[in-house]
Amino acid sequence: MAHFRQPEPAEDQLPVPVLAPSLAADAADTAAAVPLAAGAGPSPLPPAPAFGHRSIAEVLTSAAASLGVPGFENKLNLPAAKRVCVVLADGLGRNQLKQKSAHTPFLRAVQQAGQGQVPVSLDSAFPSTTAASLASFGTGLSAGQHGMVGYDVLDPDQDRVVNMLGNWDAGVDPRTWQPFPTVFERAAEHVDVTTVSLPQFSTSAMTEAALRGGRFLTGTTSHARTEAAAEAMAGAGPSLMYFYVNELDKAGHRHGCQSAQWEHQLEELDATVRRLNATLPAGTTVLLTADHGMVDVPESQRIDYSAEPALLAGVRHTAGEPRMVHLYLEDGTDDAARSRLLANWRSRFGDRIWAFTREEAIAGGLFGAVRAEAALRIGDVMIAARDALALYDTRRVRPTALEVVGQHGSLTKAEREVPLLYFQADGKKAPRG
C-alpha cells in the first residue's frame, strides 16, 4: 500500500451527459432505481440526486434567478425578490428537523404557514458530505462536474489522497481543482453579494474553490453574524447573501444528533433564524437549507476494515469517509480481481452496505454529469453504509476519528434529504413612543 496520508478527522463548462433519475419522494434509501450489474449482488442502488430539479445545486442559482440575475433558472419556483438571504445549516437533515420540531418553535411556525410552489425538501449532493454539497451549492453543478467528490479523494496527478475541507493539500490549486465560476462570481456582476460566516473560512481553500466571490463578513458568534447580516442588507440595492451556520454539525459529530448538545444547537439555530426574520429588511426572502443530514453510529459499529486483508486485496489507496469509502486499485488490476473484492465486501457486510463500481455510480447518475478529470478522482470500488455502520482504515486516520458519533456521506434518506424552508422576513419593528 503506498502514499497514504492522514487527514483531519471528519467534522465536521463542458458536461458529459449522464441521465440522473429523480429521487423517489419517500423511499430514497431502498428504492430500486438503478440495479447493480448482473451477478453483482442483491442490493440495488438508490435513485440519484435530483440534480437540475430539486437538489442543493439549485438553491443559489434559483435565488439569483429570483433576483433577476441573467443566466440562471429558477428551478425552485421562488417568488421574485429584491433581497435573498440563504441560511445553510451544516448537518441539518430533514428527518432530524421533523423529529426535533419541539425545539424549533419559529421554524415549526414557518413550516406550518406553507410555502406555495417552493419544495419543502432537497437532495444533498453525493456523497452526502460537506465538501461535495457545499461545492454543488456554490457552483450550481453536480459533484461530477465540480470535482469535489468526497471528504478526501485521490489526486491522480500526485498519486496521493488529498483532503477537500480543512486540511487542503499544498500541492492542489483550489481554482484548478474546481475551475468553474461560482454563482457568487457570476451574480456579483449584477447584485451585491455577501457571505456571512466564521473568520477561519474567509480565506480557506474550500471557500476559494467553491464559494469565492462577493464580500466576506465574519463573526465568531451567531449574534455577531446576524448583526453583520442585517447591516449588510440594509442598503437599497438588490442583494444575495449566504449565511453559514456550522455549530449543529460540530455538535452532531461530537455527541450525536440524538444528544442534548445537538438539541441545544438546534434551538440556537431556531433563535438565529428568528433574529434574521426580525432584523433583515422587511420582505427579504429567507431560505433555510443544509448540506446533508446525519446518523448516529454506536462505538461497536465503528469498524477498522484495515485489519481484514480480504477487504484490501489489490487496493492501492483508501479514501472517502467512514460511511462512503473510496477504494482505488493497483494499476493493472483486472475486472476479475475487482469482482472478487466486491464479493469480499458483500460477504463480510451483506445488506449492511451498498458495494458498487465507479462505472455503476456514474451510469446511475450519483455524481450527475461527470467530466473526465473528476472521474479519475472517484474510487474504482465504492462502499456505502446502509445502516448504523462506519468503516475506517486506521493506517491513515487519527485515533480520534473513531470517536465521531454523528456521521454522514452515504445514500440513506437521513443523510441525503435536507429541508428547504422559505419565508419573507418581517423586518425591524417600528420603535414605540
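Rules used throughout
Residues numbered from 1 in each chain as written. Predicted model: local features only at pLDDT ≥ 70, side-chain atom pairs only at ≥ 80, totals over all residues. Heavy atoms only, no water. Phe/Tyr/Trp six-rings, centres within 6.5 Å; stacked < 30°, edge-to-face > 60°. Helix = DSSP H or I, 4+ residues; strand = E, 2+ residues; numbered from the N terminus. Buried < 20%, exposed > 50% of the residue type's maximum accessible area, 1.4 Å probe, protein only. Lys NZ or Arg CZ within 6 Å of the ring centre and 35° of its normal. Core = buried A, V, L, I, M, F, W, Y, C linked by side-chain atoms within 4.5 Å. Pairing = 2+ DSSP bridges. Axes fitted to C-alpha atoms, helices over the stretch in contact; angles between N-to-C directions. Parallel < 35°, antiparallel > 145°, perpendicular 65-115°, else oblique. Contact = heavy atoms within 4.5 Å. Nonpolar A, V, L, I, M, F, W, Y, C, P; charged D, E, K, R; others polar. Salt bridge = Lys/Arg side-chain N within 4 Å of Asp/Glu carboxyl O.

Things to note about the packing of aromatic side chains
The final tally for this structure, using the stated rule, is 8 aromatic pairs. Centre to centre, the rings of Phe137 and Tyr242 are 5.2 Å apart; their planes meet at 55 degrees, and the pair counts as tilted. Within this pair, whereas Phe137 is found in helix H4 (residues 130–139), its partner Tyr242 is found in strand E7 (residues 239–245), the two being separated by 105 residues in sequence. One exposure class covers both Phe137 and Tyr242, and it is buried. Of the aromatic side chains, those joined through ring pairs into one cluster are Phe137, Phe184, Phe201, Tyr242 and Tyr244. The positively charged end of Arg348 is found above the aromatic ring belonging to Phe349, 4.4 Å away from the centroid.

As for the nonpolar core
Of all hydrophobic cores here, the largest spans 103 residues; its most connected members are Leu92, Phe137, Met148, Leu240, Phe356, Leu366 and Phe367. Ranked by size, the runner-up nonpolar core spans 19 residues in total, among them Trp345, Ala385, Leu389 and Leu391.

Some thoughts on the sheet that holds strand E11 (residues 315–321)
Spatially, 4 strands are ordered E11-E12-E14-E13 in an open sheet, and the strand pairing comes out antiparallel. The sheet is open, and its two edges are formed by E11 and strand E13 (353–357), each paired on a single side. For this sheet, the mean inter-axis angle between neighbouring strands, taken without regard to orientation, is 20 degrees. Bridge count for strand E12 (residues 324–329) against strand E14 (residues 381–385) is 4 bridges, and the pairing is antiparallel. Within E14, the position partnered with His326 by the bridge is Met382.

With respect to the packing of helix H10 (residues 247–255) against helix H11 (residues 260–279)
It is at 8 Å that the axes of H10 and H11 come closest, and there the two elements cross at 175 degrees. On the basis of their axis angle, the class for H10 and H11 is roughly antiparallel. For the pair H10 and H11, contact is made by Glu247, Leu248, Ala251, Gly252 and His255 and by Gln261, Trp262, Gln265 and Leu266, respectively. Residue composition of the contact of H10 with H11, by class: 4 nonpolar, 4 polar and 1 charged.

Quick look at the pattern of salt bridges
For the structure on display, the rule yields 20 salt bridges. Where Asp393 meets Arg395, a salt bridge forms, and the shortest distance between an N and an O atom there is 2.7 Å. The exposure class assigned to Asp393 is buried, which follows from its relative accessible area of 3%. What emerges from the salt-bridge pattern is a single network uniting Arg175, Glu185, Glu208 and Arg212.

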